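Architecture at a glance
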Amino acid sequence: MDILLAIAIMALGAVVLGAALGFASIKFKVEGDPLIEKIEAILPQTQCGQCGYPGCKPYAEAIAKGDEINKCPPGGTEGVQRLADLLGREVKPLDAEEKPKQVAIIDENTCIGCTLCIQACPVDAIVGAAKQMHTIIAQQCTGCELCLPPCPVECIHMAVIGENIDNWKWKYPVVEIKAAPLQEAA
Amino acid sequence: MLMNLFKFKGGVKPPTNKTQSVTLPIAAAPLPSRLVVPLHQSIGGMPRPVVQAGDKVLKGQLIGEADGWISAAVHAPTSGTVLEVAMHVQPHPSGLDSLCVVIEPDGRDEWIAHQPFDYANATPDEARNYLQQSGVVGLGGAVFPTHGKLTPSKTVPMAELVINGAECEPFITCDDLLMRERAEEVVRGIGVFRDLLQPQKVLIGIEDNKPEAAAAMRAAIQAVGEDFAVVQVPTLYPAGGAKQLIRVLTGKEVPAAKRSTDLGVQCFNVATAYTAWRAIAHGEPVVSRLVTVTGNVHAPRNYEVLIGTPMGELLKLAQPHPDTDGIVMGGPMMGFLVPSDQVAVVKATNCLIAHSERLFPPKAPEMPCIRCGACAEACPHELQPFEMYWFSRAKNFGKTQEYNIFDCIECGCCSFVCPSRIPLVQYFRFAKSEIWAREREKNAADQAKARFEFKQLREEREKAEKAEKLAKAAAAQAAKKAAEAAAAAAAPAKAQPASGEAPPTPNATVAPEKDAKRATIEAAMARAKAQREAVQPKNVDALTPEQQQAAAEIEARRVAAHLIEPEPATPASEKTE
């Protein structure tokens, strides 16, 4: 009798907990792969395709499936480091050389208004119309260089965004070591 | 008036070094050889230049227009000629350049036509707008546009207006002298703030090491007939920090990530009140300010200095000792060595200290933290500097934020008391600017992502729309064809019985279809021809004989080059007739 009661209690517990788990799996279902989102949050969103994928999200998906984490030059060494931390992988040197942050500039005297760069820009950072001069919205430009190859008159060049008073950062405090005066041998 | 004062935790008592520069009254600094006026002198939007090289400007003329609500106008400090609008080195620890208007004074110091602001008949909005146009900003050091702080909160009634005359930082005495010599105008300026904010009471906090200033302010308040309370607060650095002074005078502690207005308190510097009154009562925008020139100099003194005066020229007035090796802008606790003696005095410049190794001996090297906790005891914001230091040093910025690094006011108390001489504030500044940079990058990335996704969405939508359009056109074409075929099939069916003799050819079913097709093609060609003929070139009407001749020559050349068929048709000139 006792044993039956024990079995019944355990069975009841199993049913209740199973129902709770089943309910939770429906109620708190996570859409999509949260890992891909986390990887994508680290990628710099330049959408430049230098990794060989058509945008940051496809590369994030590829990383989640096991692709290398060192294919993103705009993310830099720091990006690789953060991806390695997230995924528990080994830090690898960057596959390409790291470039400083840049912005595209259209030489407006040479521009013929062909709209090819407008079509190439992944973030709609170029304004202009057919046979009208084009120009770059510098704040929106990610520096991906995708507008350079399609330009038939080579009127677009990249300019490095240097340090200015708005983006200047305090440096890491370093201890200055001064050479002590030489002591005369007694 | 007796009043219960409160205390803030921590604080330090560095030697005040204020007596040197208070012996002489305020003097007007002479016109410098040239003025370099930076456009970006206040927090917020960068004012747009409205003058260019070669322009003649008068004293008080607008040279930089405020950009947005949180931004303040910039004016020419004297009359003269604009030499250039160009990048010049800034009084900023980075030593980087920013846009400046360089003015060569003509020596006349001639004012532009200006008149007092009709304050009595103006709405509060007009008054705030006027202060923005006059370039009135917080002169305590933060240079926040004053008009932006003069809107009372809609939800919290304004309880106290705190006026900051504490001037807690060593060496600096410009507010002290201002209150001693120009107390009445300060009091009237405070009256303006009072009218705009409608607080229940006005408290003027002055450190108790400035009894003359407090007495002068009390006398002025009586003379003007106001009921402001002058409160002498204990001399303890940093009692002049806004949050600290509010704590001392009202007992209210401003929580992290909240503003004092959320507690019904607003705080202004005495010099800000003074400039606000000058703007309203005299129509004078902010073109000068009081600057204490002290330190390693022979004759420390307070000067009324035009904005844009090169610091080197100003320092010379106080006769620096020969071993002076730099200029500190601000006090010894929060100031910094300016990158060059050519940088200009700006609205934030309250003090210049001639630097020398005798006055400020170089710090001994940094030693490891011994976890003594002295920094935590000294911190006026009750933070834990040693923890923030560990995490800043390890570049673990998330943790520094957990320890509320953004509440740090960089007052320097922790570095001052540290027995290991760790430059704690340097670490905090480093961590803060790294966090800000990351925030900027994150925002840029988010924006880029949103724009990229929108572009993809748009391209897909356009593709779908195009496909739909094509499908519709194809369907319409097919329907038309079917209708025509049906009509063509019906026509010979009717005609056949009439003629009777025509034998049914093997391709009888194909012929009418072909005929119909040809007919439509011919009809389309005829339409196109009619359309072509309907369009007459309109640019050849009413040409002069020379133009006609030129046109004919070009035509002949084009024929010769086989670009077009020779046209025997009537020339353009005859067509018009």
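Before reading further, recall that the structure is shown in the block above.
In short, a report on the structure. Quick caveat: nothing in here was measured; it's all calculated off a predicted structure.

**What about the sheet that holds strand β6 (residues 74-75) of chain B?**
Residue and element names in this part refer to chain B. Taken in spatial order, the three strands line up as β3-β5-β6 in an open sheet, and their pairing is antiparallel. Since the sheet does not close on itself, it has two edges, and those belong to β3 (48-49) and β6, each with one partner. As defined by bridge partners, strand β5 (residues 62-65) adjoins β6 across two bridges and the pair is classed as antiparallel. Considered in β6, the bridge of G64 is made with V74.

**Some thoughts on the pairing of strand β10 (residues 201-207) of chain B**
Residue and element names in this part refer to chain B. The buried fraction of β10 is high, at six of seven residues. Bridging between β10 and strand β11 (residues 229-233) involves five bridges; their strand directions are parallel. Of the residues in β11, the one forming a bridge with I204 is V230. Taking the sense of rotation as the criterion, the β-α-β connection linking β10, helix α4 (residues 211-224) and β11 turns out right-handed.

**Thoughts on the packing of helix α2 (residues 34-42) of chain A against helix α4 (residues 76-87) of chain A**
Residue and element names in this part refer to chain A. One way to put it is that α2 packs onto α4 with a least axis distance of 9 Å and a crossing angle of 160°. Taken as axis vectors, α2 and α4 run roughly antiparallel relative to one another. The element α2 and its partner α4 pack so that their crossing is right-handed. Where α2 abuts α4, its residues K38, I39 and I42 lie against G79, R82, L83 and L86. Within the contact of α2 with α4, the residues separate by chemical class into four nonpolar, one polar and two charged.

**Quick notes on the pairing of strand β14 (residues 301-306) of chain B**
Put simply, side chains in a regular strand alternate between the two faces of the sheet. Residue and element names in this part refer to chain B. Of all six residues making up β14, five are buried, and the element is well covered by its neighbours. Note that strand β1 (residues 27-28) and β14 share two bridges and pair parallel. The residue of β14 that forms the bridge with A28 is E304. When strand β13 (residues 288-295) meets β14, the two strands line up antiparallel, connected through six bridges. Looking at β14, one finds that R289 is bridged to V305. Taking the residues between adjacent antiparallel strands as the criterion, β13 and β14 are bridged by five residues.

Parameters and conventions
Residues numbered from 1 in each chain as written. Chains lettered and ligands numbered in written order. Predicted model: local features only at pLDDT ≥ 70, side-chain atom pairs only at ≥ 80, totals over all residues. Pairing = 2+ DSSP bridges. Helix = DSSP H or I, 4+ residues; strand = E, 2+ residues; numbered from the N terminus. Buried ≥ 20, exposed ≤ 12 C-beta atoms within 10 Å, placed from the backbone. Right-handed = clockwise from strand over helix to strand, strands pointing away. Axes fitted to C-alpha atoms, helices over the stretch in contact; angles between N-to-C directions. Parallel < 35°, antiparallel > 145°, perpendicular 65-115°, else oblique. Left-handed = near helix turned anticlockwise from the far one by under 90°. Contact = placed C-beta atoms within 7 Å. Nonpolar A, V, L, I, M, F, W, Y, C, P; charged D, E, K, R; others polar.

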